[in-house]
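Observations on the three-dimensional arrangement
Letter by letter, the chains look like this.
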Amino acid sequence: MTVPVVDAYLKPARRREQRTSARRLLAELSPREREVLLHVAEGRSDAQIATELSLSRYTVKDHLRNIRGKLGGDSRLSIARLAWQAGFGGDSVAGGPETASA
């Protein structure tokens, strides 16, 4: 088999594994932490998240610190990437993680 043929079969399987792994990690978050993470995945700033969720910016920062600790992320981008791998982002903020397809 040539490499492109193998990749055509393996890439979808790898994506499913990444999605499953990311969802397992996100299951460790509280509902509010998931909500904050979904807004981060949408590209919102701390101030925008605070306004949207009626929180202070400091509370948002606390949630983000807790999220990074639970997910092992060292940056905002790394935790957003996990959310994207889990299938969150785009229109999913309104529906939450339960509405993302498996």
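Residues numbered from 1 in each chain as written. Predicted model: local features only at pLDDT ≥ 70, side-chain atom pairs only at ≥ 80, totals over all residues. Heavy atoms only, no water.

**Details of the overall build of the protein chain**
Secondary structure assignment for the protein chain yields six helices and zero strands. When each of the 102 residues of the protein chain is scored for burial, the buried share is 32%. About 6,400 Å² of surface is accessible on the protein chain, with carbon and sulfur atoms providing 51% of the total. (Helix = DSSP H or I, 4+ residues; strand = E, 2+ residues; numbered from the N terminus. Buried < 20%, exposed > 50% of the residue type's maximum accessible area, 1.4 Å probe, protein only. Areas by Shrake-Rupley, 256 points an atom, 1.4 Å probe, with all protein chains shown as cover.)

**Considerations on the confidence of the model for the protein chain**
In low-pLDDT regions, the fine details of the predicted coordinates are not to be read closely. Per-residue confidence for the protein chain averages 80 on the pLDDT scale, and 69% of its residues sit at or above 70. Here helix α6 (residues 92–95) stands out as the least confident element of the protein chain, with mean pLDDT 41; helix α3 (residues 46–53) is the most confident, with 97. Here residues 91–102 scores under 50 on pLDDT; set against residues more than four positions off or in separate chains, the count is 17 contacts. (pLDDT = per-residue confidence, 0-100. Contact = heavy atoms within 4.5 Å.)

**Considering the pattern of salt bridges**
Summed over all chains, the structure comprises five salt bridges. Across the pair Arg32 and Glu35 runs a salt bridge, and its minimum N-O distance is 3.0 Å. With a gap of three residues between them, Arg32 and Glu35 both fall in helix α2 (residues 31–41), about one helical turn apart. Measuring nitrogen to oxygen at the nearest pair gives 2.8 Å for the salt bridge that ties Arg76 to Asp46. Of this pair, Arg76 sits in helix α5 (residues 76–85) while Asp46 sits in helix α3; the two residues are 30 residues apart in sequence, bridging distant segments of the chain. Classification of Asp46 by relative accessible area gives buried; the value is 16%. Salt bridges here are not isolated pairs; linked through shared partners, they connect Asp46, Lys61 and Arg76. (Salt bridge = Lys/Arg side-chain N within 4 Å of Asp/Glu carboxyl O.)

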